[in-house]
Amino acid sequence: MSNPSSSVLLIATTAAAALTTVATFSLLQHYVIPNPKPSAPSDHQIVRKDGREAQSLDLATTVSEYRRKIEVLLYMQEAVVNVMDFNHVLSIIVDIAYSIVPASRISVMVLSDDRKSMTVFVSKDAEAMSINATSGIAGYVAATATKVNIADAYNDPRFDKTIDETLGFKTDSLVCVPIHAGGSVVGVIQACNRSDNNAFGEEDERGLEALSLSAGSAIRKAQLYASAIRSNRKSAAILSVVRCRTSGASVPDLINVVTKSTYSLLLAERVSVYLVDRIKGEIWICVSKDPSIAGLTLPIGRGISGQVALNGETINLKDCYTSDKFDSSCDKKTGFTTRSMLCMAVPGFDDESKPVAVIQAINKIGSKSFDDEDEEALSAFCNEVKMAMRGNFLEAALLKLESDARRQCDIDSSSYLREFGSMFGRESSRSNYSEEPLSPSHLNPDRRRSSLNKQSIQWGRTSSNIDAKKEFDDFGFDLFSKSEEELVDIVFAFFEEFNLCDRLKVDAEHLQNLILAIHDTYNNVPFHNFYHAFSVCHVSYLLMRHCDMAQCLSSVDIFSCLIAALAHDCDHPGVSNGYLIETEDVLATAHNDDAVLERHHASTAAKLMTYPENDVFVEFSKQQKKQCRKVILDAILGTDMSRHMEHVTSLHERADEGHHAFFDRNSHTDRAELVKHIIHCADLAAQTLPEKISEEFELRVMKEFTSQALKEIEADCEQTSFMKGLEDDKKRCELQLNFVSAIVLPLWGGLAKLFPKCDERVERANEIRLNYEQLVKQYASTSTSTNER
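Keep in mind that what you see is a predicted model, and the values were worked out from it rather than measured.

**Quick notes on the overall build of the protein**
Right, so step 1: Helix and strand counts for the protein come out as 26 helices and 12 strands.
Right, so step 2: Within the protein, buried positions represent 53% of all 789 residues.
Right, so step 3: Across the protein, the fraction of contacts at a sequence separation of at least 24, relative to all contacts at a separation of at least 6, is 69%.
Right, so step 4: Surface summary for the protein: the accessible area is close to 36,100 Å², and the carbon and sulfur share equals 50%.

Next up, the structure:
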């Protein structure tokens with residue numbers, strides 16, 4: 001298939017050539033020098049084409065002058081026929097105009113597409129400048145499409161003196177004619193101050209009018225070509241970002257592509273891409289060719305880029321040094337001269353007035369400033385960058401943490417990313433799990449539960465075991481006020497509330513056995529224990545029951561979701577994937593260092609379901625069993641934090657696409673995806689729960705992090721930086737603040753877009769975020785006061 005832009009160029013060039021031919025014919029017809037005939041005037045007589053005999057001219061030089069002018073105009077036709085560059089075409093037009101009309105200054109002024117301004121191109125002694133399309137003699141000629149010849153410019157009320165004042169020039173006389181192309185005025189040619197100090201005459205007018213016929217087609221051709229080139233640059237820039245997004249490139253790679261693409265898109269001398277950190281209220285440079293400014297931060301609201309980051313408004317400065325927004329101190333330090341600047345925001349995911357990044361371009365090459373078309377192109381580009389950033393938002397936030405840590409000399413350049421994984425797990429296959437034997441060799445004995453086992457919890461349950469008020473049927477349910485035995489009973493009640501045993505003909509005793517078996521795999525570790533498992537199962541139940549998600553699922557899906565939620569962390573050792581890999585744990589070896597824990601959880605659950613006493617699939621068809629088992633295992637694997645941004649991106653993209661992208665109950669793929677989203681959101685729900693519960697979970701996870709930090713010291717292995725020093729309240733609150741802001745809120749925000757009844761959970765997470773912000777400021781203030789003393 002041919003390139004559309006190339007086709008446009010071909011059509012434009014062909015059309016322009018036709019227009020040029022017509023213009024040339026008109027030009028040659030304007031003056032005719034007939035062949036001598038017996039009854040005709042002599043060679044020294046000029047005859048108009050309408051046959052009226054002109055006044056006899058005795059000087060042969062006059063005829064030569066007409067011939068010279070025509071030769072010059074024909075030369076222009078040849079000169080511009082293969083010239084596509086807009087500025088070059090205008091330069092040729094101005095130079096030829098000087099050959100036709102003896103003037104001190106000749107200008108070509110071209111109307112903008114919106115016809116609100118004209119760009120002035122002046123040969124030899126002045127740069128291009130922009131003026132109002134309605135001002136001065138040029139504006140009058142462009143608006144009325146009539147020529148004007150003035151002997152005394154300053155006595156004409158239509159004359160605008162400001163251009164003279166800007167250029168330091170004094171206009172005495174002038175002649176100005178319109179330039180036509182495609183049936184409309186595209187600009188004007190204006191000559192000022194005849195060289196012999198006389199006023200311009202009719203011959204000067206006719207010369208410029210003749211030139212304008214050819215100039216119009218040449219200008220139009222150059223405009224079409226320039227438009228096509230811009231379109232090509234815009235398409236190439238957007239395509240480069242799309243490729244980056246679909247290939248799963250890291251944030252540094254994405255920023256490099258965005259920077260290079262902006263250079264080619266806008267033809268700028270310098271380009272900077274700032275990421276926005278709203279938690280700390282600053283913008284920062286993630287990647288730079290100059291290592292000294294990589295990681296450089298500026299407060300939001302300071303400088304032009306900071307102002308754009310504050311409210312998302314575009315700033316386009318035609319002349320930086322005449323703007324009070326511009327701070328020239330940086331130019332003075334570096335010796336660089338900033339002439340013009342275009343600064344635009346990459347819109348926020350949920351609120352466009354809160355940008356996620358800012359792109360700044362300085363000094364347009366080949367032009368005095370960035371124009372409206374540059375703004376339009378950059379706006380479309382920024383929207384594509386937004387889509388790419390959405391898939392990398394977590395990584396960007398974590399890179400900022402690492403950048404801050406490096407500046408504070410608390411360095412571990414990959415630990416946070418390694419744990420939360422948006423960059424380090426991309427090339428791994430997550431679609432399969434490994435069913436390693438469920439045997440003591442894979443389970444460290446000192447982690448195993450001793451106080452509880454299948455025999456220690458007897459069922460014999462009745463409906464009276466569960467509070468008649470169903471206190472568990474609410475996000476405010478206090479699970480920590482219950483024993484594990486009571487929570488096991490409540491888990492079974494979740495299945496009963498959906499009447500799943502009757503609907504799916506599941507043996508209730510087998511289901512009870514499976515719940516107990518899963519319970520018994522959870523270890524006595526601070527956070528990843530049965531209380532966390534229950535919480536994830538509980539939130540999953542509430543999302544399906546009270547947030548309209550069950551209506552998108554089948555009974556088999558709901559059943560699978562509850563089992564997967566309960567089993568998602570079974571036999572968790574209380575340490576991270578990174579620790580298991582670093583210490584060459586047997587689990588890491590069994591799973592090839594890839595999603596070690598998630599694969600272990602999935603295989604443990606799969607093994608439990610094979611025991612006859614736990615077989616809940618007895619009455620299932622072969623297809624139902626296969627489907628249910630796959631949904632369970634895929635959902636457990638989907639809790640891998642290296643896949644977190646897949647969840648975030650998928651939810652937001654569905655929401656942005658509108659109602660037609662809602663989860664289709666008739667689509668197995670849609671239902672399985674929703675189950676994975678439910679469990680992943682429930683796994684990260686602690687900060688969406690009431691204060692008492694969220695605080696308890698925070699204490700437990702901090703205890704587990706601290707425990708791992710001590711184990712890393714004992715094992716003499718690389719320490720995870722964000723798990724160190726958590727006894728420091730400020731660092732602990734900063735860690736939680738970043739986790740809620742960069743991980744929890746984007747995820748739950750996407751879910752709430754699709755299921756508005758989740759808004760309460762998002763509001764609760766925002767309350768926690770604001771609380772952590774206040775605590776961080778409070779601890780920082782206390783630390784400053786202590787240091788001053």
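**Thoughts on the packing of aromatic side chains**
Right, so step 1: Across all of its chains, the model carries 18 aromatic pairs by this definition.
Right, so step 2: Plain terms: the ring middles of F494 and Y541 are 4.6 Å apart, the flat faces sit at 15 degrees to each other, and that makes the pair stacked. With F494 in helix α13 (residues 484–497) and Y541 in helix α16 (residues 530–546), this pair connects stretches of sequence that are 47 residues apart.
Right, so step 3: Using a relative accessible area of 0% as the deciding quantity, one classes F494 as buried.
Right, so step 4: Ring centres 5.9 Å apart and planes at 75 degrees place the aromatic pair F527 and F697 in the edge-to-face group. Here F697 lies in helix α24 (residues 691–714) and F527 lies in the loop between α15 (508–521) and α16, a separation of 170 residues in the sequence.

**Topic: a negative patch on the surface**
Right, so step 1: There is a patch of like negative charges on the surface, built from D113, D114, D372 and E376.
Right, so step 2: Positionally, D372 belongs in helix α10 (residues 372–390).

**Topic: the confidence of the model for the protein**
Right, so step 1: For the protein, the average pLDDT comes to 80, and 77% of its residues sit at 70 or higher.
Right, so step 2: Note on residues 4–59: pLDDT under 50 across the span, and 52 contacts to partners over four residues away in sequence or across chains.
Right, so step 3: Low pLDDT, under 50, characterises residues 460–464; the predicted model gives this stretch 7 contacts beyond four residues in sequence or across chains.

**Some words on helix α25 (residues 729–754)**
Right, so step 1: With 26 residues, α25 extends 36 Å from end C-alpha to end C-alpha; this agrees with the ideal 38 Å at 1.5 Å per step.
Right, so step 2: Of all the bends found along α25, the most pronounced is centred on V744 and spans about 40 degrees, while P746, a proline, follows it within four residues.
Right, so step 3: The buried fraction of α25 is high, at 21 of 26 residues.
Right, so step 4: The N-capping residue of α25, defined by a side-chain oxygen 3.0 Å from the backbone nitrogen of K730, is D728.

Thresholds applied
Residues numbered from 1 in each chain as written. Predicted model: local features only at pLDDT ≥ 70, side-chain atom pairs only at ≥ 80, totals over all residues. Heavy atoms only, no water. Helix = DSSP H or I, 4+ residues; strand = E, 2+ residues; numbered from the N terminus. Buried < 20%, exposed > 50% of the residue type's maximum accessible area, 1.4 Å probe, protein only. Contact = heavy atoms within 4.5 Å. Areas by Shrake-Rupley, 256 points an atom, 1.4 Å probe, with all protein chains shown as cover. Phe/Tyr/Trp six-rings, centres within 6.5 Å; stacked < 30°, edge-to-face > 60°. Patch = residues over 30% accessible without salt bridge, like charges linked within 9 Å, V, L, I, M, F, W, Y side chains within 5 Å. Salt bridge = Lys/Arg side-chain N within 4 Å of Asp/Glu carboxyl O. Lys, Arg positive; Asp, Glu negative; His and termini not counted. Charge placed at Lys NZ, Arg CZ, Asp CG, Glu CD. pLDDT = per-residue confidence, 0-100. Expected span 1.5 Å × (residues − 1). Bend = angle between axes of the 7 residues up to and from the residue. Polar contact = N/O pair within 3.5 Å; in protein donor to acceptor, adjacent residues only side chain to side chain.

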